[in-house]
Amino acid sequence: MSDDIADAIKGASLTRDAMRSDEETGAQDLFASARADYERIIGVLYARGYYAGSISILLDGREAAGIEPMDAPQTIGRIDIRVLPGPRFTFARAAIGPLAGGTQLPSGYRQGETAGSGTIIAAARAGVDAWREDGHAKAAVRHQQITANHRTETVSSDIVLDPGPEAHFGILHARGNQRLRTERLLEIAGYPTGRRYTPERIEEVRARLRRTGIFSSVTLVEADKLRDGDLLDGDLTVVEERRRRMGAGIEYGSSEGLTLSAYWLHRNLLGGGERLRWDAEISGIGGTTGGTDYSLGVRLDRPATFSPDTSAFVTSTVARTHEEDYTQDAYSVGVGLAHIFNERLSGQVAIQYDWQKVTDDSGDTIYRQISWPSFLLWDNRDNVFDAKRGYYGRVGATPFYGLGDSTGSGMQLTSDLRAYKAFGAEGRFVLAGRAQIGGVFGPSLEKTPRDYLFYSGGGGTVRGQPYQSLGVRVLENGTLKTGGGRFAAFSAEFRAGLTESIGVVAFYDAGYVGTDDYFNDSGEWQSGAGVGLRYATPIGPIRLDLAGPVSGSTGDGAQIYLGIGQAF
């Protein structure tokens, strides 16, 4: 017997598991496990093409299959499991049909290949699934005949499929909702009534309902039979989540200081699936650059506006910022639309009024503008908080029109691109890279709102350099420090898992800020490097990084960063 079959049999045996258990197992349980093992071991043999095997399970010398349940032994001292797999059978015939166009059958389902039962099942499933993908919702196996010839050690397999009629979506029957109005539930679900059936559209309905956050459970099943010949109805059962939720966060950087954040969320505010969220943050507590910053924001989202995958929102933010070179009071209010194109791609566009009062070495300046912030987001990471594989890309464009003489008009462009590659046993090692590029085009720096300008340094750009330590100098004598009109930052990390819970990280970051061009004399580079420790938790790894400056004129000794989740 080959090692792979022996290992598979050991893994399938309930008796072996019971005998190896640290807990004491009674004779009745061992007897039941032994009787169940016959079928389980036969399944292992059939799956690998062995149809002439023999199985013997002896309980103190007696065959377990021959012992009547009423005569089960009171004690069991010895158990012997003996398996002779016999010859491996091959396909003499491997037929299936009719097949939908493009059906991908298992490569092993053909004459001369090993006739494993799993291959036969996979072939039947592939045939049915292909018809379902082609719109035949009730495709099924009409008939199958599997014959094993022990003289020739071959198997003849004939599978006849019944595609059934091409189906179209009918109506959705919903229940379980209590606070959410039924008509809004159906709008959010977006059941594609009248459209040709595909399994992907059923998954889209489930995904829409889950991402609202309103439900703790979503169950959507297809009707057993087609209605009126070709209409497929759906049965939806939901269980609603609690309406309110709160959360908090904490981060620390030696130059940025302590950041405390909290949010309050209300699901289904008005009975139509609306989501109200308040966010508050206090940052810069005990920091060495600037002072303490405050912000308060509110956003109201309404799902299924104009289409099941489009949400409308209203948002407003008020903030006070104390930076090293300026103080700002700001307010904004806007409305917009967010759209989910697919499970990986989403986007958002809004129109917003912004007001800022900036106090710096040049005095007080009022900025007022109408802006149109928008972005596209692609995300196929395997884990948002601790990615090991995949890509992330966010590209943003914010055109703005200045109101008044102090504010110019133009556009801010930003991009944040990340990639992750795992290698080694179980993805123990990870290479992660990040590139951030931004620019403001149109107005001079003096007429550009500070929120649109760029700085480098700190946990979000270059670790090891003080927070927002790299900007540019303006005015004739170069005395006024401000953000730059061009920005680039690059980060690379090597992550290694020491245990299931503990990991270490080595990283290098570099950032550039320029006045009006990339990588010329108008700007300056800075860089930093360091090491970190990660401790895995259910909500993401706890992050502790220690970094120092490598190049640039802004270095100020070692910097410490503490937070939840990877740095990027």
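Parameters and conventions
Residues numbered from 1 in each chain as written. Predicted model: local features only at pLDDT ≥ 70, side-chain atom pairs only at ≥ 80, totals over all residues. Heavy atoms only, no water. Pairing = 2+ DSSP bridges. Helix = DSSP H or I, 4+ residues; strand = E, 2+ residues; numbered from the N terminus. Axes fitted to C-alpha atoms, helices over the stretch in contact; angles between N-to-C directions. Contact = heavy atoms within 4.5 Å. Buried < 20%, exposed > 50% of the residue type's maximum accessible area, 1.4 Å probe, protein only. Salt bridge = Lys/Arg side-chain N within 4 Å of Asp/Glu carboxyl O. Parallel < 35°, antiparallel > 145°, perpendicular 65-115°, else oblique. Left-handed = near helix turned anticlockwise from the far one by under 90°. Nonpolar A, V, L, I, M, F, W, Y, C, P; charged D, E, K, R; others polar. Expected span 1.5 Å × (residues − 1). Patch = residues over 30% accessible without salt bridge, like charges linked within 9 Å, V, L, I, M, F, W, Y side chains within 5 Å. Areas by Shrake-Rupley, 256 points an atom, 1.4 Å probe, with all protein chains shown as cover. Lys, Arg positive; Asp, Glu negative; His and termini not counted. Charge placed at Lys NZ, Arg CZ, Asp CG, Glu CD. Polar contact = N/O pair within 3.5 Å; in protein donor to acceptor, adjacent residues only side chain to side chain.

Some thoughts on the sheet that holds strand β4 (residues 90-97)
With mixed pairing, three strands are arranged side by side in an open sheet as β4-β6-β5. Edge positions in the open sheet fall to β4 and β5 (140-149), since each of these has one partner strand only. On average, each strand axis in the sheet is tilted by 5° relative to the strand beside it, whichever way the strands run. As defined by bridge partners, β4 adjoins strand β6 (residues 154-162) across seven bridges and the pair is classed as parallel. Bridge assignment links phenylalanine 91 to a residue of β6, and that residue is valine 155. Seen against the sheet, helix α4 (residues 117-133) touches β4, β5 and β6 and runs at an angle of roughly 20° to β6.

Focus: the pairing of strand β28 (residues 559-564)
Looking along a regular strand, one sees side chains alternate from face to face of the sheet. With burial as the criterion, only one face of β28 is covered, namely that bearing Gln559, Tyr561 and Gly563; the residues Ile560, Leu562 and Ile564 on the opposite face remain uncovered. Two strands pair when backbone bridges link them, and strand β10 (residues 244-253) and β28 are joined in this way by two bridges, in the antiparallel orientation. Along β28, the bridge assignment pairs tyrosine 252 with leucine 562. Where strand β27 (residues 542-551) meets β28, six bridges bridge the pair, whose relative direction is antiparallel. When the sheet's bridge partners are listed, leucine 546 is paired in β28 with isoleucine 560.

Overview of the pattern of salt bridges
Per the counting criterion, the structure on display carries 28 salt bridges. Of the charged contacts in the structure, one is a salt bridge between arginine 208 and glutamate 204, with a shortest N-O distance of 3.8 Å. Of this pair, arginine 208 and glutamate 204 both sit in helix α6 (residues 199-211), four residues apart, roughly one helical turn. Take arginine 208: its relative accessible area is 9%, and that puts it in the buried class.

Focus on the packing of helix α1 (residues 3-12) against helix α3 (residues 27-47)
If you want to describe how two helices pack, look at the angle between their axes and the distance between the axes. Orientation of α1 relative to α3, taken along the N-to-C sense of each, is 150°, at an axis distance of 9 Å. Relative to α3, the element α1 is oriented roughly antiparallel. Taken as a pair, α1 and α3 cross one another with a handedness that is right-handed. For the pair α1 and α3, contact is made by Ile5, Ala8, Ile9 and Ala12 and by Asp37, Arg40, Ile41, Val44 and Leu45, respectively. Tallied by class, residues from the contact of α1 with α3 come to seven nonpolar, no polar and two charged.

So, α4
Over its 17 residues, α4 extends 24 Å from the first C-alpha to the last, a length consistent with the 24 Å expected when each residue adds 1.5 Å. Of the residues making up α4, those classed as buried are Ser117, Ile120, Ala123, Ala124, Ala126, Gly127, Val128, Ala130, Trp131 and Arg132. In this fold, the buried residues of α4 make contact with α3, β4, β5, β6, α6 and β8 (215-222).

Some remarks on a negative patch on the surface
Together, Asp129, Glu133, Asp134, Glu166 and Glu200 line one region of the surface with negative charge. Within the secondary structure, aspartate 134 sits in the loop between α4 and β5. Aspartate 134 gets classed as partly exposed once you look at its relative accessible area, which sits at 36%.

Looking at the side chain of glutamine 468
Inspection of the secondary structure puts glutamine 468 in the loop between β21 (429-441) and β22 (472-474). The buried category is assigned to glutamine 468, whose relative accessible area is 19%. A polar contact of 3.3 Å, which involves the side chain of glutamine 468, links it to the side chain of tyrosine 467. Non-local contacts of glutamine 468, meaning those with residues more than four positions away in its chain, are made with Glu323, Tyr455, Ser456, Gly457 and Lys481.

Description of α3
A rise of 1.5 Å per residue sets the reference length of α3, with its 21 residues, at 30 Å; its end C-alpha atoms lie 30 Å apart and thus fit the reference within 8%. At the exit of α3 stands glycine 49, carrying a positive phi of roughly 90°.

Some words on the sheet that holds strand β2 (residues 62-63)
Spatial strand order, β2-β1-β3: three strands in an open sheet with antiparallel pairing. In the strand order of this sheet, the two ends are held by β2 and β3 (79-84), each with one partner. Sheet topology note: the strand β1 (residues 54-59)/β2 ladder contains two bridges and is antiparallel. Considered in β2, the bridge of leucine 59 is made with arginine 62. Relative to β1, α3 is tilted by about 165°, and along the sheet it contacts β1, β2 and β3.

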